[in-house]
Amino acid sequence: PKEADAAGYASLGDMNGSASDEELLKLRRKTTTTVQVLTHLKEKLQFVQAENQLLKVELADLETELTARRDGLTRVKRERDLLRAENQRLRGEAGLVGNNDLPRDFERRKREIAAMRGMLDS
């Protein structure tokens, strides 16, 4: 009976041994897959970090260009305001010269006055 028990235990040990071999193989496959996934993720992370660095440089360039264009816009607006003020000043100084209605009105009134004088003389 002891020998039968020993043989039973030995066969159980063999079954346990083959079962643990299968488990070890599964664990090794999982480990290999996990290492591959981690390696891929590290490579992807490095790529994304490099791309991010390039985008940061591009953003800095764009911000520099934006600042320069804003400065230019401010300068152009200041020039525009100065020209408007000068234009208004010149229009004020010009008086009748730039107004087309006033000379026509003057000619019309001159004719009316001449006609009225003619009526008075007759």
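Residues numbered from 1 in each chain as written. Predicted model: local features only at pLDDT ≥ 70, side-chain atom pairs only at ≥ 80, totals over all residues. Heavy atoms only, no water.

Asks: How do you make sense of the overall build of the protein when you look at a structure like this?
Replies: A tally of helices and strands in the protein yields 2 helices and 0 strands. Looking at the protein residue by residue over its 122 residues, the buried ones come to 1%. Within the structure as shown, the protein displays about 11800 Å² of accessible surface, and the carbon and sulfur contribution to it stands at 59%. (Helix = DSSP H or I, 4+ residues; strand = E, 2+ residues; numbered from the N terminus. Buried < 20%, exposed > 50% of the residue type's maximum accessible area, 1.4 Å probe, protein only. Areas by Shrake-Rupley, 256 points an atom, 1.4 Å probe, with all protein chains shown as cover.)

Asks: Sorry if this is basic, but what is going on with a nonpolar patch on the surface here?
Replies: On the surface, a cluster of nonpolar side chains totalling about 270 Å² of accessible area is made up of Val 37, Leu 38 and Leu 41. With respect to the helices, strands and loops of the structure, Leu 41 is situated in helix H1 (residues 2–94). Overall, the relative accessible area of 48% leaves Leu 41 in the partly exposed class. (Patch = residues over 30% accessible without salt bridge, like charges linked within 9 Å, V, L, I, M, F, W, Y side chains within 5 Å. Salt bridge = Lys/Arg side-chain N within 4 Å of Asp/Glu carboxyl O.)

Asks: Is there a simple way to think about the pattern of salt bridges in this case?
Replies: Between side chains of opposite charge, a pair can form as their charged atoms come close. Per the counting criterion, the structure on display carries 8 salt bridges. Close ionic contact of Arg 108 with Glu 112 constitutes a salt bridge, the shortest N to O distance being 2.8 Å. Separated by 4 residues within a single helix, Arg 108 and Glu 112 lie in helix H2 (residues 101–121), roughly one turn from each other. Look at Glu 112 and you get partly exposed, because its relative accessible area is 38%. Salt bridges here are not isolated pairs; linked through shared partners, they connect Asp 105, Arg 108, Arg 109 and Glu 112.

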